[in-house]
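# Overview (structure and organization)
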Amino acid sequence: MDNAIVLNYHVSPDDFTRAGEASSDVKGKLKQLGISPAAVRKVAIAMYEGEINMVIHARGGEITVTITPQRVEMVLADVGPGIPDIDLAMKEGWSTAPEEVRNLGFGAGMGLPNMKKYTDDMRIETTLGVGTTITMVVNV
């Protein structure tokens, strides 16, 4: 990965006031780099959805973003409970978010489906009781 830019972010658990700061920062940096508006939009949406999921479900975690002239790769790693049924979690509208989170306007069950929809590649590695790592790629 020649000319790669690597960005690292910490996502705090249950901190809805700061949720979205990492994706917003990446969006700004991609614009500065002259990445196409379509690719910037896809990265911003996918990363925001992942960031919110980390806040709601996973006790926070770490995000590493690698930007190259060809692609933006986002690796979201958490130490949450893991995803018991990935196929079910990928269904639009399916959510395990608690009622208080839904009352804040989050947890509608569109996180993982939107992450897949707005990326060119997405892989989920999850172990119950250990955590989940989601790798997403948007080609630029």
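Computed from a predicted model, the values in this text were never measured in an experiment.

### Considering the sheet that holds strand β1 (residues 5–11)
The sheet built from 5 strands is open, its strands ordered β1-β2-β3-β5-β4 with antiparallel pairing. Each edge of the open sheet is held by one strand with a lone partner, namely β1 and β4 (121–127). Across the sheet, the mean angle separating the axes of adjacent strands is 10° when strand polarity is ignored. Relative to strand β5 (residues 131–139), strand β3 (residues 71–78) is paired through 7 bridges, and the arrangement is antiparallel. By the bridge assignment for β5, Met74 is matched with Met136. Sitting on the sheet, helix α1 (residues 21–32) is in contact with β1, β2 (61–67) and β3, with an inclination near 160° to β1.

### Section: helix α2 (residues 37–57)
For α2, which comprises 21 residues, the first-to-last C-alpha distance of 30 Å matches the rise-based estimate of 30 Å (1.5 Å per residue) to within 8%. A positive phi of about 55° marks Arg59, the residue just after α2.

### Describing the pattern of salt bridges
Tallying each qualifying case throughout the model produces 5 salt bridges. Between Arg71 and Glu73 there is a salt bridge, with its nearest N and O atoms 3.0 Å apart. Arg71 gets classed as partly exposed once you look at its relative accessible area, which sits at 28%.

### Side note on unusual backbone geometry
At Asp14, a residue that is not glycine, the phi angle is positive and equals roughly 60°. By the secondary structure assignment, Asp14 is in the loop between β1 and α1. When its relative accessible area of 60% is taken as the criterion, Asp14 is described as exposed. We note that Arg59 has phi near 55°; this positive angle belongs to a residue other than glycine.

### Observations concerning the pairing of β4
Within a regular beta strand, the side chains point alternately toward one face of the sheet and then the other, so they alternate between its two faces. Strand direction decides the pairing type here: β4 and β5, joined by 7 bridges, are antiparallel. Within the sheet, the bridge partner assigned to Arg123 lies in β5 and is Thr135. The loop that links β4 with its antiparallel partner β5 comprises 3 residues; one of these, Gly129, has a positive phi angle of about 80°.

### Quick notes on the packing of aromatic side chains
Overall, the coordinates contain 1 aromatic pair when judged by the stated rule. Between Phe16 and Phe106, the aromatic rings sit 4.9 Å apart at their centres with planes inclined by 25°, giving stacked as the arrangement. Of the two residues, Phe16 is situated in the loop between β1 and α1 and Phe106 in the loop between α4 (99–103) and α5 (111–117); the sequence distance between them amounts to 90 residues. Judged by its relative accessible area of 21%, Phe16 is partly exposed.

### Details of the nonpolar core
Val65 and Met74 are the most contacted members of the largest nonpolar core, which totals 34 residues. When residues in this core are grouped by element, the largest group, 9 residues, is from α2. Dropping the residues within four chain positions of it, Val65 is found in contact with Ile5, Val6, Leu7, Tyr9, Val26, Met47, Val72, Glu73 and Met74.

Calculation notes
Residues numbered from 1 in each chain as written. Predicted model: local features only at pLDDT ≥ 70, side-chain atom pairs only at ≥ 80, totals over all residues. Heavy atoms only, no water. Pairing = 2+ DSSP bridges. Helix = DSSP H or I, 4+ residues; strand = E, 2+ residues; numbered from the N terminus. Axes fitted to C-alpha atoms, helices over the stretch in contact; angles between N-to-C directions. Contact = heavy atoms within 4.5 Å. Expected span 1.5 Å × (residues − 1). Salt bridge = Lys/Arg side-chain N within 4 Å of Asp/Glu carboxyl O. Buried < 20%, exposed > 50% of the residue type's maximum accessible area, 1.4 Å probe, protein only. Phe/Tyr/Trp six-rings, centres within 6.5 Å; stacked < 30°, edge-to-face > 60°. Core = buried A, V, L, I, M, F, W, Y, C linked by side-chain atoms within 4.5 Å.

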